[in-house]
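Residue-level structural notes
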Amino acid sequence: MKNFEIAHIKLGMEYHFDDFFHDKIFEYQIADNINVDYQIKVIISDIFPAINGDETIVFRTRRIYESASGSKLVVYSETGNQIKQMISTSVNLRKITIQLSPEYGKRLPEIEYLATGMAFFGIAINEGCVPIHASAISYNGQAIIFSAPSQTGKSTHASLWKKYLDDVDIINDDKPIIRINDSGAVVYGTPWSGKTAQNVNRCVPLKAIVFLHQAVQNHWNYLSKPQKLTHLFRNVYRPRQEDAIDSLITVLEQLIDKIPMYEIHTDISKSAFDMIYHVIYPEDEQ
Amino acid sequence: MKIKEGYVLRTVAGEHIVVPIGNEAVNFNGILTLNNSGKLLWEALIAGSDIKGLTTKLMEIFVVEETVAYHDVLAFISKLRTHNILIEND
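Residues numbered from 1 in each chain as written. Chains lettered and ligands numbered in written order. Predicted model: local features only at pLDDT ≥ 70, side-chain atom pairs only at ≥ 80, totals over all residues. Heavy atoms only, no water.

Side note on the side chain of S90 of chain A
All names here are of chain A. Secondary-structure assignment places S90 in strand β8 (residues 83-90). A polar atom in the side chain of S90 sits 3.1 Å from the backbone nitrogen of R94. Apart from the residues lying within four places of it in its own chain, the contact partners of S90 are S69, G70 and K95. (Helix = DSSP H or I, 4+ residues; strand = E, 2+ residues; numbered from the N terminus. Polar contact = N/O pair within 3.5 Å; in protein donor to acceptor, adjacent residues only side chain to side chain. Contact = heavy atoms within 4.5 Å.)

Right, dumping it as structure tokens:
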């Protein structure tokens, strides 16, 4: 079990594969003697513990069983007679055990990466943070978030900023974390950055959020508060429990108040980059 | 008819939204935004109502003609049916 501090959250994590974390995860590592608040442990075995609790959620091959001590997400095989994955989460999320069947074979690194990511995002919500499906960059010490469904061009737009400007880094290319603070909001990198290992262990003040749509004709609009809310809800990691939804809503309400958000319809040309730049920095003659 | 379990109504930044929780969060990945009359109808459907009752409630609160209220109710019910949020044969 190694200790890490990710988005200001201290956790111990025991995992098996580096195929997706690469060496980037060690940027987040902290000393073993530091007390941590959460633990995520991955076990590779096909001897699964007994299932207890009430079946509360049924979705295709997935079942969730809830008891006084916590919940178990169980993923069955397509035939339904074999357990492939069991994620046991304690009531306060302090201890999460992810057990994966060796049957996953070559996919084990990917499944481990996804499962540990989902576990961490649940913890992040529990800590008042918001994981958002986006590519986040830092430019001149400020963070800009490009959010959109998969395959819309988030990473492409992030790379345009790197191409046409100096002092641009990718904070996280898939699921950056937003945290509200006294002066506004900040964006953190995490070791979970989708297929690319593009993430850094940094905390950068958030300047703006851009919701992207593919279009031939470049145009944009400010988002009103209600529009900000629906766009955010569509692109953030959403828990299933009512209390967690309420904690998420509290954070989103502050985000809506503090941060300008835009809906931008563009292609991926230089003029698209220019338009977005001047939307966010109207005063700058760049 | 009434609203299925697994949906919570919240008002955020002045906007009324319906968010799925639990099993419903797996089946419905969006959120619903409601205007004031939608919020009124939603709250009535939490307890359970019918088209006539909903129409009467809209007429009383918003002082509109029956045909207007009736069509608003039908539109709202259709929206809930689309997302499979209603229980209709209770």
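Notes on the interface of chain B and chain A
Interface size is commonly expressed as the accessible area that is lost once the parts come together. Between chain B and chain A, the contact holds 20 residues from the first and 18 residues from the second. Surface buried jointly by chain B and chain A totals about 1,600 Å² across both partners, of which 67% is contributed by carbon and sulfur atoms. Our count for the contact surface shared by chain B and chain A stands at 2 salt bridges. Across the pair D246 of chain A and R10 of chain B runs a salt bridge, and its minimum N-O distance is 2.5 Å. At the boundary of chain B and chain A, one finds 6 residue pairs in polar contact (both at pLDDT 80 or more). Residue assignment for the side of chain B that touches chain A shows that the elements contributing at least two residues are β2 (7-12), β3 (15-20) and α1 (23-27) of chain B. Here the side of chain B that touches chain A is built from residues that sort into 11 nonpolar, 7 polar and 2 charged. (Buried area = accessible area lost by both parts, 1.4 Å probe. Salt bridge = Lys/Arg side-chain N within 4 Å of Asp/Glu carboxyl O. Nonpolar A, V, L, I, M, F, W, Y, C, P; charged D, E, K, R; others polar.)

Regarding helix α4 (residues 66-82) of chain B
Residue and element names in this part refer to chain B. Under the 1.5 Å per step criterion, the end-to-end length of α4 is 24 Å for 17 residues, consistent within 8% with the ideal 24 Å. Taken residue by residue, α4 has A69, V73, F76, I77 and L80 as its buried positions. All buried residues of α4 lie within an arc of 100 degrees about the axis, which places them on one face of the element. The exposed set on the far side of α4, more than 90 degrees from its buried face, consists of H71 and T82. Against the buried residues of α4 lie β1 (2-3), β4 (32-34), α2 (36-47), α3 (51-62) and β5 (86-87). (Expected span 1.5 Å × (residues − 1). Buried < 20%, exposed > 50% of the residue type's maximum accessible area, 1.4 Å probe, protein only. Arc of directions from axis to C-beta.)

Things to note about the sheet that holds β4 of chain B
Reading across from one edge, β2-β3-β4 (chain B) is the order of the 3 strands in this open sheet, with antiparallel pairing throughout. Because the sheet does not close on itself, it has two edges, and the strands there are β2 and β4 of chain B. Between one strand axis and the next, the sheet turns through 30 degrees on average, direction left out of account. Bridge count for β3 of chain B against β4 of chain B is 3 bridges, and the pairing is antiparallel. Opposite I17 of chain B, over in β4 of chain B, you have T33 of chain B as the bridge partner. The strands that helix α4 (residues 242-258) of chain A touches are β2 and β3 of chain B; relative to β2 of chain B, the one it contacts most, it runs at about 20 degrees. (Pairing = 2+ DSSP bridges. Axes fitted to C-alpha atoms, helices over the stretch in contact; angles between N-to-C directions.)

A short note on the side chain of S88 of chain A
Residue and element names in this part refer to chain A. With respect to the helices, strands and loops of the structure, S88 is situated in strand β8. In terms of polar contacts, S88 uses its side chain to reach the side chain of K72, at 3.3 Å. Setting aside residues up to four positions removed in sequence, S88 forms contacts with S71, K72, K95, I96 and T97.

Let's talk about the domain arrangement of chain A
All names here are of chain A. Here chain A is partitioned into domain 1 (2-127) and domain 2 (130-280). Just the C-alpha atoms count here: the centres of domain 1 and domain 2 sit 26 Å apart. Opposite the 24 residues of domain 1 that make contact, domain 2 presents 21 residues. Where domain 1 abuts domain 2, roughly 2,200 Å² becomes buried across the two surfaces, and 65% of that area is made up of carbon and sulfur atoms. On the domain 1 side of the contact with domain 2, Y28, F121 and I125 bury the most area, a combined 32% of that side's loss. Where domain 1 touches domain 2, the interface holds 0 salt bridges. Examining the composition of the side of domain 1 that touches domain 2, we find that 9 residues originate from one element, helix α1 (residues 108-126), more than from any other. Of the residues contributing to the side of domain 1 that touches domain 2, the split by class is 15 nonpolar, 5 polar and 4 charged. (Domains from an automatic or database assignment.)

Describing the nonpolar core
All names here are of chain A. Core analysis: the largest hydrophobic core is formed by 72 residues, its most contacted members being F120, L206, I209 and L255. Of the residues forming this core, the biggest block, 10 residues, is contributed by α1. A domain-level breakdown of this core finds at least three residues from each of domain 1 (2-127) and domain 2 (130-280). In contact with L255, not counting residues within four places along its chain, are I178, I180, A185, L206, I209, L232 and M261. (Core = buried A, V, L, I, M, F, W, Y, C linked by side-chain atoms within 4.5 Å.)

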